[in-house]
Every structure is written in structure tokens, then in C-alpha cells.
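# A closer look at the structure
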Amino acid sequence: MRLLVTGGAGFIGSEYVRMTLREHAEDSVVVLDKLTYAGNLANLESVRGDPRYRFVHGDIADAAIVGPLAAEVDVIVNFAAESHVDRSLEAPGQFIQTDVYGTYVLLEAALRAGHERFLQVSTDEVYGDVESGRSREADALRPRSPYSASKAGGEMLVWAYRASHGLPAIITRGSNTYGPHQYPEKIIPLFITNAIDDLPLPIYGDGSAVRDYLFVEDHCRGIDTALRTGEAGCDYNIGLGSEVSGLEVADTVLAALDKPAALKQPVRDRPGHDRRYALDTSRMRSLGWEPRVGFADGIRRTVDWYLANPSWWRPLKSGEFWEFYRRNYRRVTE
Ligand code: NAD
Ligand code: DAU
């Protein structure tokens, strides 16, 4: 298979690229990435010399770049997105441009190239806050942040291209993913890198909102399983099935690094904070996929990676990172 992996210099996309080249000897991969603040060529350093891999710097919303690349490959796997909920609250425009308009450009190119597969990487956040039970693929989408609304918008275009043009597209909805190479704005890498430096761990509200934390390798194996054995026209939930609160994340990270509980710092809650996501993953499991890495094991591996790779994350925690940080986090007493 010849793959165009968009957003392949980001956290999950780069794991997917490394995994594909390692596990599918016959495959080749072109990565198209805009290299936003979250894109990082260091994530692809280990595959740089592989003759089956090529990197193209560009925007998925640019049809002049996307069209010729689509014509060279068999399938597009779309990871490219603005991905941080808090940034979407401050500046939603780029989310709509990339996650909605960019998805349209890719779908149009896939259609013109006559692709027999298209995979859209989406998120459990499109279901919105799930008070009880587990979301199934046929459930209504009820996004509640500009980020999740833009991801839902991208999905709806995929649905439209399936129905109107018969594009054989698959959507995966993964849960909150963590592991090596994650930009340190998301809770787990932020808490790990702050704790290493004895900085406070900012906990939104009372820290009781839960997420289903999924190790990045499990997420990528799920996407790959859906791509290669999933049914065209189907959506697939991918999650571990756990429910871990923000406070539990902080406690686990602090214990793994032998740091004091006093580093936990309550901050103003995220506006519109979704309290819970929970997925029914039986459709994905019927394809033979199941997660292999539990939360305790995954956190240990992730903590060890950040401890061993300060040259990867220290340069990221400078300049714009701290400007956003200062704007985003407010002490509860302020
Ligand atoms: P990330 O922010 O680490 O990486 C996104 C990548 O996309 C970066 O390399 C960035 O440079 C690139 N990109 C952004 N805009 C682009 C554009 N217009 N054109 C080309 N490239 C562009 O994100 P991630 O955490 O790796 O997430 C990847 C995908 O998985 C996203 O679609 C996200 O919505 C989805 N997802 C993420 C999670 C999670 O917990 N991180 C869970 C489920 C689904
Ligand atoms: O569920 C899938 C989604 O997971 C992906 O689609 C998104 O791209 C990804 O960013 C992630 O979204 P979340 O909003 O769940 O992740 P985040 O790490 O921002 O927050 C996780 C939880 O931790 C959430 O309840 C908010 C809380 N939190 C987060 C940060 C950054 C804190 O308490 N403090 C923080 O500093």
C-alpha cells in the first residue's frame, strides 16, 4: 500500500508512520505536514533515511499540493488537525480551517484519484459529554467545544462524500491518547515535564472529570486494523475502557517521579469542560483488535521516555508555550 499520512509529524501520526514502515515491509509513506507548533521533524528522525519514506512540507487545505500527492498513493490517512481543546477556546478559526476545510480538500483529492480507502482519524470528543453508559458508533454527535465541533464537521463531510459519491471512507474515533513524543500541552506530558522541574501541576476545577487514556501504540494499531480490515463506510470507536480523573493522573505521575502531592494546584476550570467520555469498543474488537497497554504500564513507559529525552521536550517549553500557558491558566483565587 502507498500511503499519504497527513499530520505525520505530530504525536500520533508519527507513531503511525514509524509503525507502518516497521510492520509493513511492502508499504511506502509520504508524510504531508504543515509543521505547526505541534509538528516536529524530530518525531520522524528514525525513518529519515528509509527509501520508502518521503516528507512534504505543506497544508492539507492547499489543493495544489494535495492533488498531485493523492495521485501518487493508494490511500490517505488523515491525522492532520489542530488538536488542543484549550487553544480552540481562544482561537477557533484555524481549527475550522484545518479540521473542516482541510478535510474537504483531502476528500475531494481522494475522490478524483479514485482511491479505494480513506481513513479519517477522529475523536471520542465528537459524542460530547457522556453522563452515563458508553457511546456507540451510531449515537448522535453532540460536540461542545470548537475543537470537537470542527472534528465533527470534518466527519460530516466524510459522511457526505460516502453518501453522495460512494467514497469508501472509514472514520476512527479514538479516546484520549498519550505516550512518547506528545507535545507538552496535553495533561499527561504537561504534568510529567512540570513535575520533573518541580513546577505546579494545574488541575482544572475539582479534578474529577474523567478520560479513557489510551496508549499511543494501541491507538495506532487500532487505526491500522480499521484501515486494512475495517468495512468501508463504517465508523470505529477505539479506547481502552478505563476512566481516570485529572486528580488520578496527577497522583500517578507524582508517584512515578517520587514528587510531593503539594505540587497539585487547582486552577480555574476549563469553560464547558466535558466531564466524561466513554466508548463502546465492541465493533473494533470484532475486527480482532484489543488494547495491550494498561494505564499504569503506559504511564511508566511515558514517564521513562520523558526522563530520557529532555532534549526533545525542553526546547518546546519556551517562548510561545509559556505565553499561552500564562493566558490559559488562572489560579482559582484570581
Ligand atoms: P498533534 O497536534 O500532536 O499533531 C497534529 C499534526 O498535524 C502536527 O504535526 C501538525 O503540524 C499537523 N497539522 C496541523 N494542521 C495542519 C495542516 N493544515 N496541514 C498539514 N498538517 C497540519 O495531534 P495528535 O494528538 O497527534 O492528533 C492527531 C489526530 O488524532 C488529530 O486529528 C486528532 O484530532 C486525533 N485524535 C487525537 C487524540 C489525542 O488524545 N491526542 C485522540 C483522538 C483523536
Ligand atoms: O479524548 C480525545 C481527545 O483527547 C483528543 O481528541 C484531543 O485532541 C486531545 O487533546 C484530548 O483532549 P482532552 O481535552 O481530553 O485532553 P487534555 O489533555 O487537554 O485534558 C485531559 C483532561 O485533563 C481534561 O479533563 C482536562 C484536564 N486538564 C487538562 C490540562 C491540559 C487539567 O486538569 N489540567 C490541564 O492542565
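## Comments concerning the site of ligand 1
- The immediate surroundings of ligand 1 are formed by 29 residues, with Asp 33, Ser 83, Tyr 147, Lys 151 and Thr 177 found nearest.
- A distance of 3.0 Å separates an oxygen atom of ligand 1 from a polar atom in the backbone of Thr 36.
- At 3.0 Å, a side-chain N or O of Thr 98 approaches a nitrogen atom of ligand 1.
- Looking at the shell around ligand 1, the elements with two or more residues in it are α1 (11–23), β5 (117–123) and α5 (146–165).
- Counting residues per element, the shell around ligand 1 draws most heavily on β5, which supplies three residues.
- A class-by-class count of the residues in the shell around ligand 1 yields eleven nonpolar, 14 polar and four charged.

## Considerations on the site of ligand 2
- If you check the shell around ligand 2, you find 23 residues, and the closest are Thr 123, Asp 124, Tyr 147, Arg 211 and Arg 270.
- Computed on the free molecule, ligand 2 has an accessible area of 680 Å², of which 95% lies beneath the protein chains in the complex.
- Secondary-structure elements contributing two or more residues to the shell around ligand 2 are α6 (187–196) and β8 (201–204).
- When its residues are assigned to classes, the shell around ligand 2 shows eleven nonpolar, six polar and six charged.
- Here the shell around ligand 2 spans two domains, since at least three of its residues come from each of domain 1 (2–177 + 215–238) and domain 2 (180–211 + 242–277 + 293–325).

## Quick look at the domain arrangement of the chain
- As assigned here, the chain comprises domain 1 (2–177 + 215–238) and domain 2 (180–211 + 242–277 + 293–325).
- Of note, the centres of domain 1 and domain 2, computed from C-alpha atoms alone, are 25 Å apart.
- The interface of domain 1 with domain 2 comprises 30 residues on the first partner and 25 residues on the second.
- Here domain 1 meets domain 2 over a buried area of about 2,500 Å², counting both sides, of which 46% is carbon and sulfur.
- Considering only the side of domain 1, the residues that lose the most area to domain 2 are Phe 11, Arg 87 and Phe 215, jointly responsible for 22% of the buried surface there.
- Applying the counting criterion to the domain 1 and domain 2 interface returns 18 residue pairs in polar contact (both at pLDDT 80 or more).
- Among the secondary structure elements, those contributing two or more residues to the side of domain 1 that touches domain 2 are α1, α3 (85–90) and α7 (216–229).
- The biggest single contributor to the side of domain 1 that touches domain 2 is α3, with five residues.
- Residues belonging to the side of domain 1 that touches domain 2 are distributed by class as follows: nine nonpolar, nine polar and twelve charged.

## Some points on the pairing of strand β11 (residues 235–238)
- Because side chains alternate across β11, one face comprises the buried residues Asp 235 and Asn 237, and the other comprises Tyr 236 and Ile 238, equally buried.
- As defined by bridge partners, strand β6 (residues 169–174) adjoins β11 across four bridges and the pair is classed as parallel. In the strand pairing of β11, Ile 171 is matched with Asp 235.

Thresholds, definitions, all that
In this convention, every chain numbers its residues from 1, walking through the sequence in written order. Here every chain gets a letter starting at A, and every ligand a number starting at 1, in the order they are written. For this predicted model, a pLDDT threshold of at least 70 governs which residues receive local features, and a threshold of 80 or more governs which side-chain atom pairs are given and counted, while totals over whole chains, interfaces and linings are taken from all residues. Side-chain descriptors were evaluated using all non-hydrogen atoms of the structure, hydrogens and water having been removed beforehand. The rule for a residue being near a molecule or strand is that one of its heavy atoms must lie within 4 Å of it. Throughout this description, a polar contact denotes any pair of N or O atoms lying within 3.5 Å of each other; where both atoms belong to protein, one of them has to be capable of donating a hydrogen while the other can accept it, and for residues adjacent in sequence the pair is counted only when both atoms sit in side chains. The secondary structure listing takes helices from DSSP runs of H or I that are at least 4 residues long and strands from runs of E that are at least 2 residues long, numbered from the N terminus. Throughout this entry, Asp, Glu, Lys and Arg are counted as charged residues, while Ala, Val, Leu, Ile, Met, Phe, Trp, Tyr, Cys and Pro are counted as nonpolar. The remaining residues, Gly among them, count as polar. Residue burial considers only the protein chains on display, and all accessible areas are found by Shrake-Rupley using a 1.4 Å probe. The start and end points of each domain follow an automatic or database-based domain assignment. It only takes one pair of heavy atoms within 4.5 Å for two residues to be counted as in contact. Buried area: the accessible surface (1.4 Å probe) lost by two parts on joining, summed over both. Only protein chains enter the accessibility calculation, which uses a 1.4 Å probe; a residue is then buried when its area is under 20% of its type maximum, exposed when over 50%, and partly exposed in between. At least two bridges found by DSSP between two strands is the condition for calling them paired.

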